[in-house]
Amino acid sequence: MLIPLNEFPKGFAERPKDFADNLMIGLVKRWELNGKFAMGSLLKSIGGDKDDLVVAATEGILTENDLDDSPFPDDIDVGIPDFEITLEDVAKRQEFDFRKKCVFTIDPATARDLDDACSVEEIGNGLYEIGVHIADVSHFVYPGTVVDDIARERTTSVYLVQRVIPMLPRKLCEHLCSLNPGVDRFSFSVIWKMKKDGTVLSTKFGKSLINSCCKLHYEHAQDMIEEPDREFEEGYLPEIHNGYTHRDLSKKVNILHNIAKILRKQRKDSGAISIQQCKIKFSLNREDGMPSGLGSYKIKRKQQAYRRVHVESKCECR
């Protein structure tokens, strides 16, 4: 693309190497039928010696991928209903009322919006009822509303190194639609009746009610898998609600883990390809929240097997 030189930052023509780290954002204005290059103009230059490199790089990523990071309208919460479970809600979701069941979430330690949970119950004869419960955003967001229109445009939340650009307003993603422990939540569930060997006997879907008993981290689940009979010291695990104990959670995590290992082997035997990519994790400065270091995040094999059944369950539910 050809852009007039006088639109570039001062000194660009004389010292172009000084701007090697800048990201130039241009706009195509016209392209002649037989033209070799498009004609355009410079919208902005991102980066520079005086700019914070992380901030500049972040702005470059957002601009290059056309991501909207503008704040939500001030009155966005007006169109979001308050949380209330009516008798009608209970009646409609009676078959899928899991509020007294041992439902729990497992997420990274840094997770704030908990959008999925799981449960497993032994129902006799060597059978299990396994459930995956996804936050029911549709209960609060109606088609054609401002929130719905913005969410459709954004399509997903974007996780950057030092910040998150949410798809939904904070009231929804961190509160009403976050499956926080110890509180009732609306959800959409998929329930399998399954044998120990992973054979699915039946599947059913439905709008549900849950009350998560605990917000586990991946590290907690890994500890439970490696030491199933461990008596966890007080304060090591997050608070457990609804009368359940760490023994209950450890037992259920290990049931899911054992089934996950079988499912993973079946997938491998049937020719599935496993692509292992290095996952980068960043250390953030406590004072300003900016990245101060990086390293690789290693997923242990046992933890990976558990995540396999959890992720596959979520995919089918969606």
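What you see is a predicted model; the values in this text were computed from it and never measured. (Residues numbered from 1 in each chain as written. Predicted model: local features only at pLDDT ≥ 70, side-chain atom pairs only at ≥ 80, totals over all residues. Heavy atoms only, no water.)

## Regarding the overall build of the protein chain
Helix and strand counts for the protein chain stand at seven helices and 13 strands. Over its C-alpha trace the protein chain gives a radius of gyration of 25 Å, far above what one expects of a compact globule, namely 20 Å for 318 residues. Its C-alpha atoms give the protein chain principal-axis dimensions of roughly 80 × 45 × 45 Å. Classification of the 318 residues of the protein chain by burial places 37% in the buried group. Taking the intrachain contacts of the protein chain between residues at least 6 apart in sequence as the baseline, contacts between residues at least 24 apart amount to 64%. Here the protein chain displays about 19,600 Å² of accessible surface, and carbon together with sulfur accounts for 51% of that area. The distance from the centre of the 46 positive side-chain charges to the centre of the 51 negative ones in the protein chain is 6 Å. (Helix = DSSP H or I, 4+ residues; strand = E, 2+ residues; numbered from the N terminus. Rg over C-alpha atoms; globule rule 2.2 N^0.38 Å. Buried < 20%, exposed > 50% of the residue type's maximum accessible area, 1.4 Å probe, protein only. Contact = heavy atoms within 4.5 Å. Areas by Shrake-Rupley, 256 points an atom, 1.4 Å probe, with all protein chains shown as cover. Lys, Arg positive; Asp, Glu negative; His and termini not counted. Charge placed at Lys NZ, Arg CZ, Asp CG, Glu CD.)

## As for unusual backbone geometry
At threonine 155, a residue that is not glycine, the phi angle is positive and equals roughly 65 degrees. With respect to the secondary-structure elements, threonine 155 resides in the loop between α3 (146-154) and β7 (158-159). In this structure, asparagine 242 takes a positive phi of about 65 degrees despite not being glycine. For asparagine 242, the location among the structural elements is in the loop between α5 (218-226) and α6 (246-269).

## Points about the environment of glutamate 174
Structurally, glutamate 174 can be placed in helix α4 (residues 170-176). What makes glutamate 174 buried here is its relative accessible area of 18%. Residues glutamate 174 and aspartate 107, spaced 67 residues apart in sequence, show a C-alpha to C-alpha distance of 14 Å.

## Some thoughts on a nonpolar patch on the surface
A surface patch of nonpolar side chains, about 460 Å² in accessible area, is lined by Val161, Ile280, Phe282, Leu284 and Leu294. Per-element accounting of the nonpolar patch gives the leading share, three residues, to strand β12 (residues 279-284). By the element assignment, leucine 294 lies in strand β13 (residues 291-297). (Patch = residues over 30% accessible without salt bridge, like charges linked within 9 Å, V, L, I, M, F, W, Y side chains within 5 Å. Salt bridge = Lys/Arg side-chain N within 4 Å of Asp/Glu carboxyl O.)

## Section: the packing of aromatic side chains
Considering all chains together, one arrives at six aromatic pairs under this definition. Geometrically, the ring pair formed by phenylalanine 12 and phenylalanine 19 is edge-to-face, given 5.6 Å between the ring centres and 65 degrees between the ring planes. Given a relative accessible area of 14%, phenylalanine 19 falls into the buried group. Consider the rings of phenylalanine 83 and phenylalanine 186, whose centres lie 5.3 Å apart with planes at 55 degrees: the pair is tilted. (Phe/Tyr/Trp six-rings, centres within 6.5 Å; stacked < 30°, edge-to-face > 60°.)

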